[in-house]
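So the chains spell out like this:
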Amino acid sequence: MKTKRIMMTVLLSLLALSFVFAEGQAETKTDNGLTHIEMWYNATQTEVGPLPDDWVGYDILRDEFGIELEAYSLPSNTDDQEVKIRAAMAADELPDFFVASRAAFLDLVKAGMVADVTDCYALMPERTAIMFDQDAINFTTIDGRSYGFGTPSVIVKNEGLVIRKDWLDNLGLEIPTTIDELYDVMYAFTYNDPDGNGKNDTYGFGAFIETGSGHEIYPGRRFQPLLGAFASEGTWDMSADNFGLQVRQPEYYDFMVVLKKMMETGVIDPTWMAYKKDDFRAAWKQGKFGIFREQNSALHSENNYAPFDKNFPEGELIVIDPPVGPNGDSSVGPAVRGLRIWCVSADAAAEGKLEKICEMFEWMGAGEGYILCGWGQEGINFYYDEAGIPVSLDTDAQLGFGQAVGQTYIQLRSMAFNYASDLELVSRYPSYNAPTSGKPMSSLETLYDMQSRKWTMTNGQDSMPLPTTDLKTFYEQGIAEFLTGKRELTKDNWTKWVAELDKMGATAWEAEGKAYAEANSYLI
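Calculation rules
- Residues numbered from 1 in each chain as written.
- Predicted model: local features only at pLDDT ≥ 70, side-chain atom pairs only at ≥ 80, totals over all residues.
- Heavy atoms only, no water.
- Domains from an automatic or database assignment.
- Buried area = accessible area lost by both parts, 1.4 Å probe.
- Salt bridge = Lys/Arg side-chain N within 4 Å of Asp/Glu carboxyl O.
- Polar contact = N/O pair within 3.5 Å; in protein donor to acceptor, adjacent residues only side chain to side chain.
- Helix = DSSP H or I, 4+ residues; strand = E, 2+ residues; numbered from the N terminus.
- Nonpolar A, V, L, I, M, F, W, Y, C, P; charged D, E, K, R; others polar.
- Phe/Tyr/Trp six-rings, centres within 6.5 Å; stacked < 30°, edge-to-face > 60°.
- Buried < 20%, exposed > 50% of the residue type's maximum accessible area, 1.4 Å probe, protein only.
- Lys NZ or Arg CZ within 6 Å of the ring centre and 35° of its normal.
- Pairing = 2+ DSSP bridges.
- Contact = heavy atoms within 4.5 Å.
- Axes fitted to C-alpha atoms, helices over the stretch in contact; angles between N-to-C directions.

Moving on: the domain arrangement of the chain. Assigned domains within the chain: domain 1 (29–153 + 337–428) and domain 2 (159–335 + 456–519). Sorting the residues of domain 1 by area buried against domain 2 places Glu47, Asn77 and Arg102 first, and these three jointly supply 28% of that buried surface. Summed over the shared surface of domain 1 and domain 2, the result is 1 salt bridge. Asp80 is paired through a salt bridge with Lys276; the nearest N and O atoms lie 3.3 Å apart. Linking domain 1 with domain 2 are 3 residue pairs in polar contact (both at pLDDT 80 or more). Going through the elements one at a time, α3 (78–90), α4 (102–110) and α17 (404–408) are the ones with two or more residues in the side of domain 1 that touches domain 2. By residue class, the composition of the side of domain 1 that touches domain 2 is 6 nonpolar, 9 polar and 5 charged.

Aromatic ring pairs are described here by two measures, namely the spacing of the ring centres and the angle between the planes. Here the structure, examined in full by the defined rule, presents 38 aromatic pairs. Look at Phe482 and Trp494: their rings are 5.4 Å apart centre to centre, the planes differ by 50°, and that puts the pair in the tilted class. Here Phe482 is found in helix α21 (residues 469–484), whereas its partner Trp494 is found in helix α22 (residues 491–519), with 12 residues between them in sequence. Classification of Phe482 as buried rests on a relative accessible area of 1%. Of the residues examined, Trp494 reaches a relative accessible area of 4% and is grouped as buried. What links up through ring pairs into an aromatic cluster is the set Phe208, Phe280, Trp284, Phe289, Phe292, Tyr305, Phe308 and Phe312. Of note, Arg102 hangs over the ring of Phe139, and the distance from its end group to the ring centre comes to 4.7 Å.

Here the focus is the pattern of salt bridges. A complete count under the given rule lists 30 salt bridges for this structure. Lys486 serves as the salt-bridge partner of Glu481, at 4.0 Å between the closest nitrogen and oxygen. Since its relative accessible area comes to 17%, Glu481 is described here as buried. One connected set of salt bridges, linked through shared partners, spans Glu159, Glu210, Glu216, Arg221, Arg222, Lys277, Arg281, Arg293 and Glu294.

What you see with strand β12 (residues 317–320) is no split at all: Leu317 and Val319 on one side and Ile318 and Ile320 on the other are buried throughout. In terms of strand pairing, strand β7 (residues 159–164) meets β12 through 4 bridges, oriented antiparallel. Its bridge partner lying in β12, Leu161 is registered against Ile320.

In this section: the side chain of Thr151. Examined against the element boundaries, Thr151 turns out to sit in strand β6 (residues 149–152). The class of Thr151 is buried, set by a relative accessible area of 1%. Among residues more than four places away in sequence, those in contact with Thr151 are Arg127, Met131, Phe132, Gly338, Leu339, Arg340, Trp342 and Phe361.

What follows covers the sheet that holds strand β8 (residues 203–205). Ordered in space as β8-β11-β7-β12, the 4 strands form an open sheet in which the pairing is mixed. Strands at the two margins of the open sheet, each flanked by one partner only, are β8 and β12. With strand direction ignored, the average angle separating the axes of adjacent strands in the sheet is 35°. Inspection of the sheet shows β7 paired to strand β11 (residues 289–295) by 5 bridges, in the antiparallel sense. Paired with Leu161 across the strands is Arg293, a residue of β11.

So this is what it looks like as structure tokens:
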């Protein structure tokens, strides 16, 4: 009897939810009676192309769920993604289901352009059990209501400082351990012909602007190992006894002096301010620079490593400790949990699409859809080994999920993965022999290596309040002006600029950040 009462309670709850969704307009149908859903997704591998038109998931969604999915990939660069979402917001042309940065998400909520999804978690029991704990729900909760799905976006601490070991060997240099030694190696990589081709065509350090979800403010993620040498990594110092914006710390100015020196002496690839993510990755694969921060899969997974291996069969990219600064500080950067926000447009909810979107999202997070999005089709893109782990098929048609064509079929992997299970890690990062050099490779070992380095754990920093648009612009322009020489980088000029930053709203932003951090127990 008890079991029957529980089942009845669940049924009544779901029935009540169905009435909630029924309050909107009738579900929008296509001419063939299907529910049309336009989705903008962030691709798993931006280098290989979008989800193919013959992806079998389209057929399953159509035949089993009555959904006609129209999927488009967002730009690879997070800043470009932001521009696209905000342009759609301004034009009132948001897709039905899409990824948004936290900054865009907050503005969308204020504008009433995203749906309240508080009652949707009950419609996705398997996904909710795996991904949506209370912290994840709190990440998208405003005034007691949830307006988006905070799904895991990354494997924690999956990046590291990388160096061309073969260049060190060619020049008879040791692995640098301090910030001064790192600069000396950068200089040698730039001016001492480390690749031995007789040309002046290499740089010591490479980067691009990547500011992520706000916890790695301009100049961004790729510079965090350098900032870490001056205890200035991340946007915020989250310590209870010294909370505040890192840019206020005296050591931040010392970092600026080093970066300015790198630019003046030409040891950093001068294109870094213009590079997009794909440009940056193409550059290191072409041997343009020898030190950079990179992600484990982008560095050593088979398809991603293949171009470098072809260009430099004798080349070797290794992970090293972040440099130690003058006061003994060192960090790869701030480590946060990392959540990606999926939103349903208010228009889609008003048209009755919310429940169908939940059905699709649930399917992608468990069972058949989870396997299809994460690894593809058994017998075509993968096979199961004796331990039940999906293994990429090695085919001439490159259809294995670790191969160039096969990777296009798992472009929705980020919608499925929880980024923590052994099934995902072992199968996602299999060992292999590099195609040209034959060297044994493992991006999983690279991941473990990166995770073993010194990081600064700052959970919650990625959900901290964001600056106003005017303050953010003033901040970024000021840093860029000091680096490019438009403003002379002196201690006095820096102090004056920080004072200007306060007048623009930094003081109020910092106070808001402290109140939020204290309220959510994020101080360390």
